[in-house]
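Residues per chain, in single letters:
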Amino acid sequence: MFFREIEKDLRLALTVPQFAEPLFALTDQNREHLKVWLPWLDTVQEVGDTKMFIRDQLIRFAKEEALHLSVFNNNQIVGVVGFNQLDHVNGVGMIGYWLGEEYTGNGVMTKAVKEVIHIGFESWPLQKVEIHCAVDNTVSRAIPERLGFREEGTIRRTAKVNDKHQDHVIYGLLKEEYIFRK
Ligand SMILES: CC(C)(COP(=O)(O)OP(=O)(O)OC[C@H]1O[C@@H](n2cnc3c(N)ncnc32)[C@H](O)[C@@H]1OP(=O)(O)O)[C@@H](O)C(=O)NCCC(=O)NCCS
């Protein structure tokens with residue numbers, strides 16, 4: 001498979017159908033951890049659901065609408081990251097991510113998001129990258145805050161997750177503010 005190395009033992013790869021089994025297993029093991037913040041867990045019940053999702057994401061990638069990447073740590077899939085949405089009319093990419101619980105707390109996702117921002121600004125003429133986080137999701141909010149995003153405001157009751165309505169904070173990083181190329 002084709003990998004993009006962030007550092008030794010930390011790599012990104014375009015998510016392809018061959019990853020369906022390990023990605024489904026990671027999802028299945030982390031349902032409780034992820035369910036609090038992500039709305040789609042109940043739609044993934046078997047490996048075929050993950051495979052179908054990956055195919056859809058590859059079609060969206062071919063249409064330049066999205067980029068779904070798998071995060072590999074020590075040759076194991078530990079999470080995902082990418083552009084959930086690429087809006088080429090306005091030059092805006094929206095990043096999303098999750099990690100298996102046992103892999104959190106080590107800076108893996110901060111490094112992965114940094115790499116995705118670089119890909120976004122270098123591979124497409126994006127002008128802005130956004131990250132939307134639930135107001136109470138402090139560990140997720142810490143990522144754009146650590147990477148120098150500006151907090152631009154809060155949109156109220158924009159998602160229903162785990163039977164709770166969430167307000168989301170919008171973080172934005174403009175191309176000219178992007179100064180942390182490794
Ligand atoms: C959001 C999520 C990916 C964050 O994971 P995380 O492990 O906290 O994020 P990182 O990998 O960037 O690690 C940051 C932690 O590593 C520590 N760290 C260690 N080395 C680090 C480094 N070189 N750079 C940055 N942080 C580092 C930080 O201090 C921080 O620890 P703390 O949480 O104890 O303060 C994870 O909690 C998750 O998957 N949550 C559920 C899904 C979710 O909420 N997705 C986002 C929806 S918007």
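Residues numbered from 1 in each chain as written. Predicted model: local features only at pLDDT ≥ 70, side-chain atom pairs only at ≥ 80, totals over all residues. Heavy atoms only, no water.

J.: What should I look at first to understand the overall build of the protein chain in this one?
T.: Of the regular secondary structure elements, the protein chain holds five helices and eight strands. Here the C-alpha radius of gyration of the protein chain, 16 Å, is about what a compact globule of 182 residues would show, namely 16 Å. Residue burial in the protein chain is summarised as follows: out of 182 residues, 48% are buried. Pairs at least 24 residues apart make up 60% of the contacts formed inside the protein chain by residues separated by at least 6 positions. For the protein chain, the accessible surface area stands at approximately 10100 Å², while carbon and sulfur atoms represent 49% of it. The average position of the 22 basic charges and that of the 26 acidic charges among the side chains of the protein chain differ by 2 Å. (Helix = DSSP H or I, 4+ residues; strand = E, 2+ residues; numbered from the N terminus. Rg over C-alpha atoms; globule rule 2.2 N^0.38 Å. Buried < 20%, exposed > 50% of the residue type's maximum accessible area, 1.4 Å probe, protein only. Contact = heavy atoms within 4.5 Å. Areas by Shrake-Rupley, 256 points an atom, 1.4 Å probe, with all protein chains shown as cover. Lys, Arg positive; Asp, Glu negative; His and termini not counted. Charge placed at Lys NZ, Arg CZ, Asp CG, Glu CD.)

J.: Hey, could you run me through the pairing of strand β7 (residues 150-161) in this one?
T.: In summary, the side chains of a regular strand alternate between the two faces of the sheet. One ladder, built from eight bridges, connects β7 with strand β8 (residues 164-174); its direction is antiparallel. Residue pairing across strands places Gly153 opposite Ile170, the latter belonging to β8. Linkage of β7 to β8, two consecutive antiparallel strands, is achieved through a turn of two residues, within which Asn162 is found at a positive phi near 55°. (Pairing = 2+ DSSP bridges.)

J.: Honestly, the packing of helix α1 (residues 20-29) against helix α3 (residues 47-62) in this entry has me stumped. Any pointers?
T.: Between two packed helices, the angle of one axis relative to the other and the distance separating the axes together describe the packing. At their nearest, the axes of α1 and α3 sit 9 Å apart, and the two run at 115° to each other. Along this stretch, α1 crosses α3, giving a crossing that reads as right-handed. Two secondary-structure elements touch here, α1 through Ala20, Glu21, Leu23 and Phe24 and α3 through Val47, Thr50, Lys51 and Ile54. Of the residues that constitute the contact of α1 with α3, the class distribution is five nonpolar, one polar and two charged. (Axes fitted to C-alpha atoms, helices over the stretch in contact; angles between N-to-C directions. Left-handed = near helix turned anticlockwise from the far one by under 90°. Nonpolar A, V, L, I, M, F, W, Y, C, P; charged D, E, K, R; others polar.)

J.: Any chance you could explain the pairing of strand β6 (residues 128-134) here in plain terms?
T.: A large share of β6 lies buried, amounting to six of its seven residues. Pairing of strand β5 (residues 92-99) with β6 involves four bridges; the strand directions are parallel. Following the sheet pairing, Gly93 is matched in β6 by Val129. Of the crossover connections in this fold, the one passing from β5 over helix α4 (residues 108-123) to the parallel β6 is right-handed. Sheet analysis places β6 next to β8, joined by seven bridges and oriented antiparallel. Each bridged residue has a counterpart across the sheet, and for Glu130 the counterpart in β8 is Gly172. (Right-handed = clockwise from strand over helix to strand, strands pointing away.)

J.: Could you clarify how one ought to interpret the UniProt feature "domain: N-acetyltransferase" (unreviewed entry) in the protein chain in this entry?
T.: With numbering aligned to this structure, UniProt lists the feature "domain: N-acetyltransferase" (unreviewed entry) at residues 21-176. The span residues 21-176 carries 35% helix and 37% strand; its end-to-end C-alpha distance comes to 40 Å. (UniProt positions renumbered as here; feature names shortened; annotations may be inferred.)

J.: It is not clear to me how the sheet that holds strand β1 (residues 4-7) should be interpreted in this structure. Could you clarify?
T.: Two strands in a sheet stick together by hydrogen bonds in their backbones, pointing the same way (parallel) or opposite ways (antiparallel). Here we have eight strands laid out as an open sheet, ordered β1-β2-β3-β4-β5-β6-β8-β7, and mixed in their pairing. Across the chains shown, the open sheet's two edge strands, defined by having one partner strand only, are β1 and β7. Ignoring which end each strand starts from, the neighbouring axes of this sheet average 30° apart. Along the sheet face, α3 touches β2 (10-14), β3 (67-73) and β4 (76-87) and points at about 120° away from the line of β3. Those strands touched by helix α5 (residues 138-146) are β5, β6, β7 and β8, and its axis lies near 155° from that of β6.

J.: Explain a nonpolar patch on the surface to me, please; I cannot follow it from the model alone.
T.: A cluster of nonpolar side chains, contributed by Met1, Phe2 and Phe3, occupies part of the molecular surface with about 380 Å² of accessible area. Summarising the element assignment, Phe2 is placed in the segment before β1. (Patch = residues over 30% accessible without salt bridge, like charges linked within 9 Å, V, L, I, M, F, W, Y side chains within 5 Å. Salt bridge = Lys/Arg side-chain N within 4 Å of Asp/Glu carboxyl O.)

J.: Before we go on, may I ask you to explain the site of the ligand in this structure?
T.: Leu99, Gly105, Met109, Thr110 and Asn137 are the nearest of the 20 residues found near the ligand. Between Val108 and the ligand, the recorded distance is 2.9 Å, taken from a backbone N or O atom to an oxygen atom. Take Asn137: an N or O atom from its side chain is 2.8 Å from an oxygen atom of the ligand. Protein burial of the ligand: of its 940 Å² of free accessible surface, 71% is covered by the chains. Within the residue set of the shell around the ligand, elements represented by two or more residues are α2 (31-35), β5, α4 and α5. (Near = heavy atom within 4 Å. Polar contact = N/O pair within 3.5 Å; in protein donor to acceptor, adjacent residues only side chain to side chain.)

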